[in-house]
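# Observations on the three-dimensional arrangement
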Amino acid sequence: MDDLIRRIAALKKEKNAIVLAHTYTRAEVQDIADVVGDSFELAVRAAGSSAEIIVLAGVRFMGETAAILTPGRTVLLPVADADCPLADMITSDQVRHLKAQYPGAAVACYVNSSVEVKALSDVCVTSSSAVRIVRNLPQRQVLFVPDQNLGSWVAEQVPEKEIILHSGFCPVHHQIKPDDVRDARKLFPGAVVLMHPECTKETRAEADHILSTGGMVALVKEKKHTRYIIVTESGITHTLRRHDPAAEFIELSAPMLYCQNMKKITLETILRALDEGETVVTVASDIAERARYALSRMLELNR
Ligand code: SF4
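Rules behind the numbers
- Residues numbered from 1 in each chain as written.
- Predicted model: local features only at pLDDT ≥ 70, side-chain atom pairs only at ≥ 80, totals over all residues.
- Heavy atoms only, no water.
- Pairing = 2+ DSSP bridges.
- Helix = DSSP H or I, 4+ residues; strand = E, 2+ residues; numbered from the N terminus.
- Axes fitted to C-alpha atoms, helices over the stretch in contact; angles between N-to-C directions.
- Contact = heavy atoms within 4.5 Å.
- Near = heavy atom within 4 Å.
- Nonpolar A, V, L, I, M, F, W, Y, C, P; charged D, E, K, R; others polar.
- Parallel < 35°, antiparallel > 145°, perpendicular 65-115°, else oblique.
- Left-handed = near helix turned anticlockwise from the far one by under 90°.
- Domains from an automatic or database assignment.
- Buried area = accessible area lost by both parts, 1.4 Å probe.
- Salt bridge = Lys/Arg side-chain N within 4 Å of Asp/Glu carboxyl O.

### Topic: the sheet that holds strand S6 (residues 123–125)
A sheet is described by the order of its strands in space; here 4 strands give the open sequence S6-S5-S7-S8, paired in parallel fashion. Two strands close off the open sheet at either side, each with one partner strand: S6 and strand S8 (162–165). If you compare each strand with its neighbour and ignore which way they point, the axes differ by 30° on average. Judged from the 4 bridges that link them, strand S7 (residues 141–145) and S8 form a sheet pairing that is parallel. Note on S8: the bridge partner recorded for Val142 is Ile163. Packing against the sheet, helix H8 (residues 148–157) makes contact with strand S5 (106–110), S7 and S8, and its axis sits at approximately 170° to S8.

Below is the structure:
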């Protein structure tokens with residue numbers, strides 16, 4: 001592994017490249033990344049980077065987002081078929097149909113979506129920015145796509161808006177049951193439960209804090225607690241341990257709390273991406289322009 005790490009470091013320097021990794025990637029991938037973060041942090045860091053090549057260690061929509069925000073530079077995906085099943089749960093035709101049904105509504109689209117869906121949206125949101133952005137939208141009626149769970153959580157936080165939900169869900173978070181959390185609490189008394197808003201409403205009722213992955217990192221950095229039950233994809237426990245090595249992080253034992261697509265990314269695939277310059281993310285310029293509007297508005301309205 002040391003040889004792989006050395007070769008990746010040398011290629012990054014030689015090619016003026018950086019690696020941005022999502023918190024759900026493997027521990028060894030996070031360890032060689034220049035930035036480890038949630039979707040919002042990765043989008044912001046991609047936009048602010050001056051590197052000629054950005055290797056996005058994440059799923060396809062993250063690579064597309066980085067490519068749209070960094071025109072003229074090269075964005076590489078280490079694994080071309082690392083997709084997000086949630087992003088595939090709504091099509092652009094379904095968005096057009098919803099817009100025709102609710103002509104006065106703003107379309108707020110979770111970044112976990114295709115570039116075509118983003119191009120039809122008024123604004124993109126991430127789990128860390130969704131509440132603030134929806135609150136700041138001028139429209140009272142908001143079509144929230146594609147994640148029903150994040151959308152219902154936003155609706156709870158922003159009762160002054162009428163939120164119309166789509167039926168999409170993240171297969172990793174959606175299958176976690178309230179009993180999975182209750183059982184973990186019994187086994188680990190005193191632990192603080194941190195949960196992602198992509199979990200269902202019934203399961204969210206069992207949490208102490210509902211937080212994006214970036215929010216979880218921020219809370220752990222405060223070092224107010226010593227024992228946590230983490231209810232999101234398992235990769236984040238590595239990120240959290242780096243921020244508070246003395247604390248205990250318990251991964252919920254629900255089956256499949258593991259995003260198979262994120263775990264496709266390995267050191268070998270990152271090395272190959274840097275070495276061979278593949279796979280380059282390309283987005284048609286007319287679609288990129290419209291999607292850039294929704295992504296730029298996300299950065300503006302998150303204030
Ligand atoms: S954890 Fe869920 S939302 Fe995130 S990439 Fe995997 S399938 Fe998509």
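### Here's the deal with the site of the ligand
Taken together, the neighbourhood of the ligand is formed by Tyr24, Cys84, Pro85, Asn112, Cys170, Glu198, Cys259 and Met262. Of the residues belonging to the shell around the ligand, the class tally is 6 nonpolar, 1 polar and 1 charged.

### Overview of the sheet that holds strand S10 (residues 209–210)
Picture the strands of a sheet paired through backbone hydrogen bonds; they go either parallel or antiparallel. Overall, parallel pairing links the 4 strands, which are arranged S10-S9-S11-S12 in an open sheet. The open sheet has two edge strands with one neighbour each: S10 and strand S12 (248–251). Against the sheet, helix H13 (residues 236–243) makes contact with strand S11 (227–231) and S12, and its axis sits at roughly 175° relative to S12, the strand it touches most.

### Description of the side chain of Ser234
Relative to the assigned elements, Ser234 resides in the loop between S11 and H13. Residue contacts for Ser234: discarding those within four places in its chain leaves Glu251, Leu257, Tyr258 and Lys263.

### As for the packing of helix H1 (residues 2–15) against helix H14 (residues 267–276)
At a closest axis distance of 10 Å, the pairing of H1 and H14 adopts a crossing angle of 30°. As judged from the angle between their axes, H1 and H14 are roughly parallel. Crossing handedness for the pair H1 and H14: left-handed. Residues Leu4, Ile5, Arg7, Ile8, Leu11, Lys12 and Lys15 of H1 lie in contact with H14, whose contacting residues are Leu267, Glu268, Ile270, Leu271, Leu274 and Asp275.

### So, the domain arrangement of the chain
The domains assigned to the chain are domain 1 (2–84 + 262–282), domain 2 (87–171 + 286–301) and domain 3 (176–251). Averaged C-alpha coordinates put domain 1 and domain 3 at centres separated by 27 Å. Across the contact, 10 residues belong to domain 1 and 12 residues belong to domain 3. The junction of domain 1 with domain 3 conceals about 850 Å² of combined surface from both sides, 47% of it contributed by carbon and sulfur atoms. The three residues of domain 1 that bury the most area against domain 3 are Thr23, Tyr24 and Gln30, which together make up 52% of that side's buried surface. Inspection of the domain 1/domain 3 interface yields 2 salt bridges. Of the charged contacts, one joins Asp31 and Arg242 as a salt bridge, the two residues approaching to 3.2 Å between their closest N and O atoms.

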